[in-house]
Amino acid sequence: MQIHPLITDSKTLAEFCARIAKSPYIAVDTEFMRENSYWPELCLVQVADANEAAAIDPKAPGLDMGPLLDLLVENEDVLKVFHAGGQDIEIVHNLTGKTPHPMFDTQIAAMALGLGEQIGYGNLVEAWLGITLDKGARFTDWARRPLDKRQIDYAIGDVTYLIQMFPVMLEKLRSTGRGDWLDQEMERISDPENYINRPGDAWKRVRISSRKPDVLGRLKALAAWREQEAQDKNLPRGRIVKDETLADIASHPPRSQDDLGKVRGLSAAWRGNDIGARMMAALAGHAPLSKDELPERDPKKPALGKDGALVADLLKLLLKIRSRDINVAARLLARSDDLDALAAGVRDNLPILEGWRYEQFGRDAVDLVEGRMAFAVRNGRLRMTRTAVDGTEAKA
């Protein structure tokens, strides 16, 4: 494989993109910094096909990233391969308003192949290629320039190995009949809605015990204000106001801006500065949360009761058995919250009751809850058995 020098000019990038756009699939990875900002700072993009690979410096003066971004979000003929690509996809969405498509994520593929939950890239490379990666540059400051050869070589390795693993993993998925599983998962992950941070929805990420409409209305107004402040200033949300402080203010609102100086978690300067005034304006403009917006009560606790909790435990046992039998990561099959909801009687809008998850697990889960399936021990191995209408064991 040809490894190119770091690409820093528009002509070289356009020519590189034109060549790899003829490939059926490419591997993509990014390096970024986000510890001190709201928006992740893109520092490097690595791309490879079966023949060549390059790292691209998005911070290079005058570099036109258009050809690369078009390849990622506009070219439907090229499959984009990532590993644990959620944050990479988020960055592309921030730049274009679109997501890479079509796409493939090797971490999710590994879960479908029974290689564990959220397997790291280094472990995946070692498992499939027998290569141990040098992790020396893993925690480097990617924003600092110039980048040295070791940093660039480390970064490019993320796509040169990825491009080698992908066809082998794909063939394994096809041979096990699990390609359709991944197709459904990739469509879900590449949905642009997953990467939009709407200020009006920010309150849903803040933990608060109250369900009072006026308290939640204040929280919604405050969280939207904080989200906009963080975006405008390009600072992490917690640098503006921490979640617990936001929830406390929503529950015990100050009567005046002067009272902000007494709020734990806020600087005394907020009693007279502009940001404190903007917070008070957000509070003043709040409205109680409407009934349609009120969050549903958690079905796991009050609706389950003791017997329901036992049913949920049985479902979790079923999940372990099923994931063992078909050799797939349990987390890919079902989430604990979904099992609790099923035990509580919920049947609508549960992922385990849709698509491939229903075929592989959901149908049996419903049968267990409704008494058509039971556990049995045969030859020292725990298995599932179907039951007749009268509760006796039926022939499998």
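This text gives an overview of the structure that appears in the document.

Criteria and cut-off values
Residues numbered from 1 in each chain as written. Predicted model: local features only at pLDDT ≥ 70, side-chain atom pairs only at ≥ 80, totals over all residues. Heavy atoms only, no water. Buried < 20%, exposed > 50% of the residue type's maximum accessible area, 1.4 Å probe, protein only. Helix = DSSP H or I, 4+ residues; strand = E, 2+ residues; numbered from the N terminus. Arc of directions from axis to C-beta. 1 Å grid on protein atoms, 1.4 Å probe; cavity = no way out; pocket = protein on both sides within 12 Å on 5 of 7 lines; lining within 4 Å. Points joined across faces, edges and corners; volume = space filled by probe spheres on them. Contact = heavy atoms within 4.5 Å. Patch = residues over 30% accessible without salt bridge, like charges linked within 9 Å, V, L, I, M, F, W, Y side chains within 5 Å. Areas by Shrake-Rupley, 256 points an atom, 1.4 Å probe, with all protein chains shown as cover. Salt bridge = Lys/Arg side-chain N within 4 Å of Asp/Glu carboxyl O. Lys, Arg positive; Asp, Glu negative; His and termini not counted. Charge placed at Lys NZ, Arg CZ, Asp CG, Glu CD. Pairing = 2+ DSSP bridges. Axes fitted to C-alpha atoms, helices over the stretch in contact; angles between N-to-C directions. Core = buried A, V, L, I, M, F, W, Y, C linked by side-chain atoms within 4.5 Å. Left-handed = near helix turned anticlockwise from the far one by under 90°. Nonpolar A, V, L, I, M, F, W, Y, C, P; charged D, E, K, R; others polar.

1. Looking at helix 7 (residues 179–189)
Okay, step 1: Within helix 7, the full set of buried residues consists of Trp 181, Leu 182, Glu 185, Met 186 and Ile 189. End-on, the buried residues of helix 7 take up no more than an arc of 125 degrees, which puts them together on one face.

2. Thoughts on empty space enclosed by the protein
Okay, step 1: For the structure shown, the criterion picks out one cavity of 30 Å³ or more.
Okay, step 2: Of all the secondary structure elements, the ones that give two or more residues to the lining of the largest cavity are strand 3 (41–48), helix 2 (66–73) and helix 3 (86–96).

3. Considering helix 2
Okay, step 1: Three or more residues of helix 2 are buried, namely Leu 68, Leu 69, Leu 71, Leu 72 and Val 73.
Okay, step 2: Packing partners of the buried residues in helix 2 comprise helix 1 (10–20), strand 2 (25–33), strand 3, strand 4 (52–56), strand 5 (79–82) and helix 3.

4. Some thoughts on a negative patch on the surface
Okay, step 1: Together, Glu 76, Asp 77, Asp 180, Asp 183, Glu 187 and Asp 191 give the surface a local cluster of negative charge.
Okay, step 2: Within the secondary structure, Asp 77 sits in the loop between helix 2 and strand 5.
Okay, step 3: For Asp 77, a relative accessible area of 68% corresponds to the exposed category.

5. Quick word on the sheet that holds strand 5
Okay, step 1: With mixed pairing, the six strands of this open sheet are ordered in space as 1-4-3-2-5-6. Every interior strand has two partners, whereas the edge strands, strand 1 (2–3) and strand 6 (103–105), have only one.
Okay, step 2: This element, helix 1, spans strand 2, strand 3 and strand 4 of the sheet and lies at about 140 degrees to strand 4.

6. Digging into the nonpolar core
Okay, step 1: Residues Ile 56, Met 65, Leu 68 and Phe 361 are the most contacted members of the largest nonpolar core, which totals 88 residues.
Okay, step 2: Considering every element that reaches this core, the biggest residue donor is helix 6 (residues 149–175), with 11 residues.
Okay, step 3: Dropping the residues within four chain positions of it, Leu 68 is found in contact with Leu 13, Cys 17, Val 45, Val 47 and Ile 56.
Okay, step 4: Counting 27 residues, the second-largest nonpolar core is a separate cluster that includes Tyr 38, Ala 230, Val 241 and Leu 246.

7. As for the pairing of strand 3
Okay, step 1: Taken across its eight residues, strand 3 has seven buried, putting it largely inside the fold.
Okay, step 2: As judged from the seven bridges shared by strand 2 and strand 3, these two strands associate in the antiparallel manner. When the sheet's bridge partners are listed, Glu 31 is paired in strand 3 with Leu 44.
Okay, step 3: Bridge analysis of strand 3 against strand 4 gives four bridges, and the strand direction is antiparallel. Within strand 4, the position partnered with Val 45 by the bridge is Ile 56.
Okay, step 4: Taking the residues between adjacent antiparallel strands as the criterion, strand 3 and strand 4 are bridged by three residues.

8. Section: the packing of helix 2 against helix 3
Okay, step 1: Where helix 2 contacts helix 3, the two axes come as close as 11 Å, and the packing angle between them is 115 degrees. The handedness of the crossing between helix 2 and helix 3 comes out as left-handed. Side by side, helix 2 and helix 3 meet where Leu 69, Leu 72 and Val 73 of the first sit next to Val 92, Leu 95 and Thr 96 of the second.
Okay, step 2: When its residues are assigned to classes, the contact of helix 2 with helix 3 shows five nonpolar, one polar and no charged.

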